[in-house]
Amino acid sequence: MQLRKLGAMVGAEIGGIDLAAPLDQGQVAEIREALAENGVVFFRDQHLTPEQHIAFAERFAAININRFFRPVEGYPQIAEVRKEPGQTKNIGGGWHTDHSYDQVPALGSILLARELPEMGGDTLFASMVAAWEALSPGMRQTLSGMRAVHSSRHAFGNRQREEHKDGRYQNADQAVQDAIHPVGLKVPGTGRTALYVNPSFTLRFEGWTDEESKPLLDFLYRHAQRPEFQMRFQWREGSIAFWDNRLTWHYALNDYQGERRLMHRVTLEGVPLQ
Ligand code: SIN
């Protein structure tokens, strides 16, 4: 395997490996290490069948079955991230990290590009480790004692279903999860601390009102969006991005109106926080 860094703070490409073949323990350990170090790793030219996609994911953790996205037919483990030519909104078109509303923050997601627009449809990634480390010691100390409330209700509940009558989302009635997580998350198995709030799913700080929380959350979001913490990934069919949801944010660009983009996503269960 060869590792090539793509961004100063986040992202590396791994070459010299065929993910369709069963991975040995050494390969799994190397990928885990690269993921902890870089937040997201990319692989090119991996034209996996759904079975191979699932088998690759299961080498790292159990699969978290997505309740809200339409699954690939016959494969409930794989969520479709689809935008059809007639649709104007995309999925994931804002800074977020997947599943922060789950009781146990999801370890990561493995996204495989199936169909892409002629141009555009790139994904931005940002390192929340870099964002955390660039805060002042005083701010980090304050935030270390705080937790935040995350929710799926506003994103996948009834209001959102009204806005997306196109069948891409399902089970709006199951959007009832709220979860409370540390703001400075010590990410299990990585030895790293990450800023763990995001504009899509975080509602407020625990014990604070929404109004009290907003100015500090707004500051943290502005800070976390600094270009130095980011990289941009240009997809090709068969490209895979495997990111750690706890160490990074991502943002799917919606700059390809009138074209189809179809991705297959498997999300991995995290490990309970201490
Ligand atoms: C996602 O937000 O999980 C999807 C990202 C993408 O489609 O690039």
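All of these numbers come straight from a predicted model, not from anything done at the bench. (Residues numbered from 1 in each chain as written. Predicted model: local features only at pLDDT ≥ 70, side-chain atom pairs only at ≥ 80, totals over all residues. Heavy atoms only, no water.)

(A) Highlighting the packing of aromatic side chains. Applying the stated criterion to the full structure yields 13 aromatic pairs. A connected cluster of aromatic rings, assembled from ring pairs, spans Phe 42, Phe 125, Phe 233, Trp 235 and Trp 243. (Phe/Tyr/Trp six-rings, centres within 6.5 Å; stacked < 30°, edge-to-face > 60°.)

(B) Expanded view of the site of the ligand. Neighbouring the ligand are the residues Val 81, Gly 92, His 96, Asp 98, Leu 111, Thr 123, Trp 243, His 250, Ala 252, Arg 261 and Arg 265. Contact distances for the ligand include 2.9 Å between an oxygen atom and a side-chain N or O atom of His 96. At a separation of 2.6 Å, an oxygen atom of the ligand approaches a polar side-chain atom of Thr 123. For the ligand, the protein covers 99% of the area, taking 260 Å² as the surface of the free molecule. Elements supplying a minimum of two residues to the shell around the ligand: strand E16 (248-252) and strand E17 (261-268). (Near = heavy atom within 4 Å. Polar contact = N/O pair within 3.5 Å; in protein donor to acceptor, adjacent residues only side chain to side chain. Areas by Shrake-Rupley, 256 points an atom, 1.4 Å probe, with all protein chains shown as cover. Helix = DSSP H or I, 4+ residues; strand = E, 2+ residues; numbered from the N terminus.)

(C) Just the pattern of salt bridges, in detail. On inspection of all chains with the given rule, the structure shows 15 salt bridges. The residue Arg 4 makes a salt bridge to Glu 13 at a minimum N-O spacing of 3.4 Å. Given a relative accessible area of 16%, Glu 13 falls into the buried group. Among the ionic pairs, Glu 84 bridges to Arg 260, the shortest N-O distance being 2.8 Å. (Salt bridge = Lys/Arg side-chain N within 4 Å of Asp/Glu carboxyl O. Buried < 20%, exposed > 50% of the residue type's maximum accessible area, 1.4 Å probe, protein only.)

(D) Layout of the side chain of Ser 239. By the secondary structure assignment, Ser 239 is in the loop between strand E14 (230-233) and strand E15 (240-244). Its relative accessible area of 0% is what places Ser 239 among the buried residues. In terms of polar contacts, Ser 239 uses its side chain to reach the side chain of Arg 44, at 2.8 Å. In contact with Ser 239, other than residues within four places in its own chain, are Phe 43, Arg 44, Asp 45, Leu 111, Leu 112, Ala 113 and Phe 233. (Contact = heavy atoms within 4.5 Å.)

(E) A look at the environment of Leu 273. Of note, Leu 273 is situated in the segment after E17. Separated by 146 residues in sequence, Leu 273 and Ser 127 have C-alpha atoms that sit 20 Å apart. Excluding residues that lie within four positions of it along the chain, Leu 273 makes contacts with Pro 105, His 181, Pro 182, Leu 185, Lys 186 and Pro 188.

(F) Region of interest: unusual backbone geometry. The residue Asp 45 is not glycine, and still its phi comes out positive at about 55°. In this fold, Asp 45 is placed in the loop between strand E3 (40-43) and helix H2 (50-58). Accessibility expressed as a relative area gives 49% for Asp 45, which makes it partly exposed. Although it is not a glycine, His 99 sits at a positive phi angle of roughly 65°. Of note, His 99 is situated in the loop between strand E6 (75-83) and strand E7 (108-115).

(G) Focus on helix H7 (residues 210-224). The first and last C-alpha atoms of H7 sit 20 Å apart over 15 residues, in line with the 21 Å expected at 1.5 Å per residue. Of all the bends in H7, the greatest, near 25°, is centred on Leu 216. Among all positions in H7, only Ser 213, Leu 216, Leu 217, Leu 220, Tyr 221, His 223 and Ala 224 are buried. Among the structural elements, strand E8 (123-127), helix H3 (128-133), helix H4 (137-144), strand E12 (192-195), strand E13 (202-205) and E16 are those in contact with the buried residues of H7. (Expected span 1.5 Å × (residues − 1). Bend = angle between axes of the 7 residues up to and from the residue.)

(H) Spotlight on the sheet that holds E13. The strand order across the open sheet formed by three strands is E10-E9-E13, and the pairing between neighbours is antiparallel. Strands at the two margins of the open sheet, each flanked by one partner only, are strand E10 (178-182) and E13. Put simply, the sheet's adjacent strands are angled 30° from each other on average, direction ignored. (Pairing = 2+ DSSP bridges. Axes fitted to C-alpha atoms, helices over the stretch in contact; angles between N-to-C directions.)

(I) Representation of the sheet that holds E8. Pairing in this open sheet of three strands is antiparallel, and the strands run E14-E8-E16 from one edge to the other. The outermost strands of the open sheet, each flanked by one partner alone, are E14 and E16. Strand-to-strand twist of the sheet, defined as the mean angle between neighbouring strand axes without regard to direction, takes the value 20°. Sheet topology note: the E8/E14 ladder contains four bridges and is antiparallel. Bridging from a neighbouring strand, Thr 123 pairs with Phe 233 of E14.

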